[in-house]
Structures are given as structure tokens and as C-alpha cells.
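Coordinate inspection notes
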Amino acid sequence: MLILGIETSCDETSVSVVEDGTVVRSNIISSQVEFHRPYGGVVPEVASRKHLELINPVIQEALDLAGVGFADIDAVAVTVGPGLIGALLVGLAAAKAIAYVLNVPLVGVNHLEAHIKGNFLQNPLLRPPLVALLVSGGHTILAYMDEDGGIKTLGETLDDAAGEAFDKIARFLGLGYPGGPAIDKLAAEGDASKVVLPRAMIDRPDYDFSLSGLKTAVLNYVTRLEEAGEAVPLADLAAGFQAAVVDVQVAKTLRAAKEYKVKDIVLAGGVAANAGLRAALKTAADEAGLTLSFPTLELCTDNAAMIASLGYDYLAAGKTIDMTANANANLPLAQ
Ligand code: KG4
Ligand code: ZN
């Protein structure tokens, strides 16, 4: 069974053809990052317009690369939320049109659940129960997946998302956009012990996160140095900031794994590309006798392969949508 997946929730126009939920025949990702760079962040209106321009050529490219035509498609899966509403609607409209014309089922996929699904696509031997840390530009969520695949949100950020914090700090430090990869690279050259920043909520018994205080701590640190006429040690600051984010995420993820007695931890979302996070979580997981999985870079950031793959599961469970379905900008991962 061939599923055409469409993802337009943020600033990547992505279309994929996935066979039987597991074999990625094509996964085209057209990033709009160049168009948003001058603004230092994603501009929703620009994103919607770019999706409109790109969606048809990207669909064609995905079909061509998979070596199939529209007539070979058995179902269409599309992200219905969460995300930027205008951006989501472009993908949903395209998916509806294709499903209608081909007279095939239409499946509406949860973007956050799909990020977790990216791990199963990468590692077919992976089985729940597991604990998932989902860290992206819009979300920081710790979730538990039971043996039947049911998802429970354990905690989330009370203010900024992890990627958002990386992007804001990078912009403040003049490191460009997107900030995550820039800070990650710089942090590798720095010494985190030289700039120790607060680990917000690390000792709290819940699984929530807070990142806005850390942002303020960085601003205060830089202002203090500037007022004293001292140079800002950028690499050490990047390393100190990254370590503060990573330490809390690792501590809470490990605690959740212990409480829920799972053997597997999965990492998902754009920030899962962070080398510091991967390394620290891997070390902690090894020490605790747990297995850590994370997808390749292509499956970490927004992509339509994860949408088509999860769409296959939804379809098998009879979960389809009709032509009246709407997108939901605030769709939660799970209650
Ligand atoms: O999952 P994603 O592609 O889009 C959303 O759904 O948000 O995540 C994008 C976010 C951006 O904030 C970006 O700065 C961050 O992921 N990111 C990183 C790294 N690569 C991307 N953050 C930290 N370290 C990285 N290496
Ligand atoms: Zn995402």
C-alpha cells in the first residue's frame, strides 16, 4: 500500500511516498529557511505563501523519485496540527484535492505523534512501552507510550520550547538563524563549566520544563560583561547554555523512564539533532541500562515520511477524515 504524506505545519514543505508504513520510497523536504532568515524566525504569512508556491512541485518530485504516479497512490495522509494555521491549510487543501480526485481515503495526522513515529521508521525493531522526549521549535514534551501505542503527556514546557530558546539566544548573540545548529556547533568548542547557568525546575517532582528564566540569565550575563567592558566568551556561553538545557531534559527523561519502568527512550523533534543532547542522553541511558533511539537528521526535523508512516497506522485503525475536516493549530499530543 502506497501512502502519499504531506507536511506543511511550519516552514518545511515536505511530501513523501511510503510503502506499507515502513519503506520510504521518497521524502522530499523543501526548507524555507532562506526566506525566513532575514527576519530571524518563521514569519507565518511568508510560510503560507511559500507552501502555496512549493506544494505542487514538491508533490510531483516526491512521486517522480518514488517512481510512481497519482494513480498508484492508495491513501493520502496530511498533518492537521499542531502548527501555523495558514501553513497547515495549504497542505490540507492539497491533500483533500488529491484524495477527492483519486477517490482514496484521507487521513489527518498529529504532527507531534508523527515526530515520535519517526523513531519506529528508523528502527523497525523498536517496541513500546517507551518514554519519548519531543523537543522542537514549537514544543518540549515528555511523553509515555504504553505497550499498545497509547500516548500520555507527562509534562511540557510552561513557556518557551527548547528550539525556540536556542533560536532566541542565537539571535541575541548574533549567531544567525536557525539558532540550534549554530549554538550546537559553537558549544562544541566551548567549556560549559566556565559559564554555569540555572537548571530550571530540575529538582521539581513533575515533568514540566521552563526555559524563559534561562534566557533571562543569558541576557543578564552578557549585559554584566558588556557593562564591565569585558569580552563575551561566546563558545563557553553557548556550551553553558546548551548544558543547562540538556541537563534538565536528561534528568527528567531518565526519571520518567525509571518511574514508568521502560527500557527504551526515544528522542524526537528538530532539537533531537543537538549533538550535546544526544551525547548526554546516550551516556545517561547507558549508565541506567536503557536503550536510546533517535532518528537520522532527515527524520528528526519536519518531514512527510513520518506523516505517511503514522497515516498508515491511522488508516489500519479506520481513522480517516472527510472533506469537511479542518486543521487545528493547537492540537495536543495527547491529553
Ligand atoms: O522539529 P523542527 O524541524 O520544527 C518544529 O516542528 O518546530 O524543529 C526546528 C527547531 C529549531 O528551533 C532549530 O533551531 C532546532 O530545531 N534545531 C536544533 C538543532 N537543529 C535544529 N536545536 C539544537 N541543536 C541543533 N543541532
Ligand atoms: Zn516538527
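A brief report on the enclosed structure follows. This structure is a prediction, so every number in the text was calculated from the model and none was measured. (Residues numbered from 1 in each chain as written. Chains lettered and ligands numbered in written order. Predicted model: local features only at pLDDT ≥ 70, side-chain atom pairs only at ≥ 80, totals over all residues. Heavy atoms only, no water.)

Things to note about the overall build of the chain
A count of helices and strands for the chain gives 11 helices and 10 strands. Over its C-alpha atoms the chain spans a radius of gyration of 20 Å, differing by no more than 12% from the 20 Å that the globule rule assigns to 335 residues. Across its three principal axes, the chain shows a C-alpha extent of roughly 65 × 45 × 30 Å. Looking at the chain as a whole, 54% of its 335 residues qualify as buried. Contacts spanning at least 24 positions in sequence make up 73% of the contacts within the chain whose residues lie at least 6 apart. Counting only carbon and sulfur atoms, one obtains 55% of the accessible surface of the chain, whose full area is about 14100 Å². (Helix = DSSP H or I, 4+ residues; strand = E, 2+ residues; numbered from the N terminus. Rg over C-alpha atoms; globule rule 2.2 N^0.38 Å. Buried < 20%, exposed > 50% of the residue type's maximum accessible area, 1.4 Å probe, protein only. Contact = heavy atoms within 4.5 Å. Areas by Shrake-Rupley, 256 points an atom, 1.4 Å probe, with all protein chains shown as cover.)

Considerations on helix H7 (residues 212-227)
Over its 16 residues, H7 extends 23 Å from the first C-alpha to the last, a length consistent with the 22 Å expected when each residue adds 1.5 Å. Those residues of H7 lying buried are Leu-214, Lys-215, Ala-217, Val-218, Tyr-221, Val-222 and Leu-225. Each buried residue of H7 sits inside an arc of 160 degrees when the element is viewed along its axis, so together they form one side. Relative to its buried face, H7 has exposed residues pointing more than 90 degrees away, namely Arg-224 and Glu-227. Where H7 is buried, its residues touch helix H5 (162-172) and helix H8 (234-259). Just past H7, the residue Gly-229 takes up positive phi, approximately 75 degrees. (Expected span 1.5 Å × (residues − 1). Arc of directions from axis to C-beta.)

Topic: a nonpolar patch on the surface
A cluster of nonpolar residues, Tyr-100, Val-101 and Met-323, forms a patch on the protein surface that exposes about 370 Å² of accessible area. By secondary structure assignment, the location of Tyr-100 is in helix H3 (residues 85-102). (Patch = residues over 30% accessible without salt bridge, like charges linked within 9 Å, V, L, I, M, F, W, Y side chains within 5 Å. Salt bridge = Lys/Arg side-chain N within 4 Å of Asp/Glu carboxyl O.)

Some thoughts on the nonpolar core
Leu-133, Leu-197, Leu-237, Phe-241, Leu-267, Leu-277 and Leu-281 are the most contacted members of the largest nonpolar core, which totals 51 residues. If you list the elements that add at least two residues to this core, you get strand S6 (130-135), strand S7 (140-145), H5, helix H6 (179-187), H7, H8, strand S9 (264-268) and helix H9 (275-288). Per-element accounting of this core gives the leading share, 13 residues, to H8. Counting 27 residues, the second largest nonpolar core, distinct from the first, contains Ala-66, Leu-92, Ile-98 and Ala-99. (Core = buried A, V, L, I, M, F, W, Y, C linked by side-chain atoms within 4.5 Å.)

A short note on the packing of H6 against H8
Between H6 and H8, the shortest axis-to-axis distance is 8 Å and the interhelical angle comes to 110 degrees. When the axis of H6 is compared with that of H8, the two are roughly perpendicular. Here the hand of the crossing between H6 and H8 comes out left-handed. Judged by residue contacts, Ile-183, Asp-184, Leu-186 and Ala-187 of H6 engage Leu-234, Ala-235, Ala-238, Ala-239, Phe-241 and Gln-242 from H8. For the contact of H6 with H8, the per-class residue count stands at eight nonpolar, one polar and one charged. (Axes fitted to C-alpha atoms, helices over the stretch in contact; angles between N-to-C directions. Parallel < 35°, antiparallel > 145°, perpendicular 65-115°, else oblique. Left-handed = near helix turned anticlockwise from the far one by under 90°. Nonpolar A, V, L, I, M, F, W, Y, C, P; charged D, E, K, R; others polar.)

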